[in-house]
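Listed here are the chains, written in short residue letters.
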Amino acid sequence: MSPTGTKSAQNEAGNLPCHRSLTITYQEAPDTRQRSVVEHTKSMEVTVVPPTEVQTHVADVAVDTKSHPLPPMRYYQARSGWQILDLGELWRFRELIWAFGFRDLKVRYRQTVVGLAWALIQPLMTVVVFGILISWLHGTASDGHVPYVVTSLCGMVPWQFFAAATSQATLSIALNSNLIKKVYFPRVILPLSAFVPASVDFLVAFGMLAAVMAFYGIFPGWGVMFLPLLMITTVAVSFTFALWLSALNGIYRDVQFAVPFALQLGMMICPVVYETSAVVPDQWQGLYYLNPMAGLLQCYRAALLGSSMPAIGSLALSAFAMFVLLITGMAYFRRMERFFADVA
């Protein structure tokens, strides 16, 4: 198509003197067959605005920008050095924790027959199996003050929460690798979201524990006031392990194979299905309680059943070690999260 015809420029009546109207007419040239009739005629109206008016509009925009300043731009880039988690940024994205958490909860119990009842069946059947095994071996796993099913459930219910939250948080980075590559959000939300389904299971299982205690006529004393503090401490200990293991598994996938074995071994080391006083000698209990979960599980029994408390010195040393691991875990996760999208 080639432009043929006339070009005329004229001022339209009633318009501002600074506007100009330009009319351009295009006609198609005849093709190779020498058509005698022009088939297409196109016209286009173009309004030309002088530079002075453009500058005026730009000035108006500049004045409006000054009167309504734009919010500061946020630039996300690779961070240098060791930094702990940005709690302010985590608070802005807090809705994602619940979104990812309830998504995992729905996926876990999708197409199941009993649903949340698995949170009751797993700890109860584990306690029954260990009770039968210990009775066959003519051993003792409790001091005899309370029935074995009660004292073992006091250790099994918080341990199930710790194991579920830690194992799911370890896999959170690897399972959401496609999402990490596409959109930005604080990566620590992924291991944090693993605590939502674990918390739901914990509450259901704890209700079963309360029912079993009431069935045997066992009611907690004033020590039950420390139960919320124990729950918060359990979440903090689990989150500490979740930070380290999820960051390591994001880079080295061998971790996801070692964690289930470590949790099974930890169940034997920690007083989950037995009481410390019935198995560990008195002279070794101070060293034994340096294990954070060992002291925590015994504190649950002390709060609910009135058992003996661990040594304060051992608990303080264990709490200090976990605090150091928590701070260093936050810094390590923040440093390694820049590589998650590259190795995912």
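Refer to the structure printed above.
The structure reproduced in this document is the subject of the present report.

Definitions and cut-offs
- Residues numbered from 1 in each chain as written.
- Predicted model: local features only at pLDDT ≥ 70, side-chain atom pairs only at ≥ 80, totals over all residues.
- Heavy atoms only, no water.
- Helix = DSSP H or I, 4+ residues; strand = E, 2+ residues; numbered from the N terminus.
- Buried < 20%, exposed > 50% of the residue type's maximum accessible area, 1.4 Å probe, protein only.
- Contact = heavy atoms within 4.5 Å.
- Areas by Shrake-Rupley, 256 points an atom, 1.4 Å probe, with all protein chains shown as cover.
- Axes fitted to C-alpha atoms, helices over the stretch in contact; angles between N-to-C directions.
- Parallel < 35°, antiparallel > 145°, perpendicular 65-115°, else oblique.
- Left-handed = near helix turned anticlockwise from the far one by under 90°.
- Nonpolar A, V, L, I, M, F, W, Y, C, P; charged D, E, K, R; others polar.
- Phe/Tyr/Trp six-rings, centres within 6.5 Å; stacked < 30°, edge-to-face > 60°.

Focus on the overall build of the protein chain
Now for step 1: Scanning the protein chain from N- to C-terminus turns up 15 helices and 3 strands.
Now for step 2: Out of the 344 residues belonging to the protein chain, those deemed buried represent 37%.
Now for step 3: Counting only contacts in the protein chain whose residues sit at least 6 apart along the sequence, the fraction spanning at least 24 positions is 73%.
Now for step 4: Carbon and sulfur atoms form 66% of the exposed surface of the protein chain, whose accessible area is close to 20,700 Å².

Considerations on the packing of helix α4 (residues 118-136) against helix α5 (residues 148-175)
Now for step 1: Where α4 meets α5, the closest approach of the two axes is 9 Å, and the angle between their N-to-C directions is 135°. Judged by the angle between their axes, α4 and α5 are oblique. For the crossing formed where α4 meets α5, the hand is right-handed. Here Q122, P123, T126, V127, F130, G131 and I134 of α4 come into contact with α5, specifically with Y148, V149, S152, L153, M156 and Q160.
Now for step 2: Classifying every residue of the contact of α4 with α5 gives 8 nonpolar, 5 polar and no charged.

Considering unusual backbone geometry
Now for step 1: The backbone of Q111 shows a phi angle near 60°, a positive value even though the residue is not glycine.
Now for step 2: The class for Q111 is exposed, based on a relative accessible area of 80%.

Comments concerning the packing of aromatic side chains
Now for step 1: Enumeration over the complete set of coordinates arrives at 13 aromatic pairs.
Now for step 2: When the ring of W98 is compared with that of F102, the centres are 6.2 Å apart and the planes differ by 25°; the resulting orientation is stacked. Here the residue W98 and the residue F102 both occupy positions in helix α3 (residues 94-108), the gap between them amounting to 4 residues, near one helical turn.
Now for step 3: Plain terms: the ring middles of F333 and F340 are 5.6 Å apart, the flat faces sit at 70° to each other, and that makes the pair edge-to-face.

Brief notes about the environment of T240
Now for step 1: Assignment of secondary structure puts T240 in helix α9 (residues 227-251).
Now for step 2: The spacing of T240 and L326 is 86 residues in sequence and 4.9 Å in space, taken between C-alpha atoms.
Now for step 3: Each residue touching T240, except ones within four places of it in the same chain, is listed here: M322, L325 and L326.

Read these as spatial facts, not as claims about activity.
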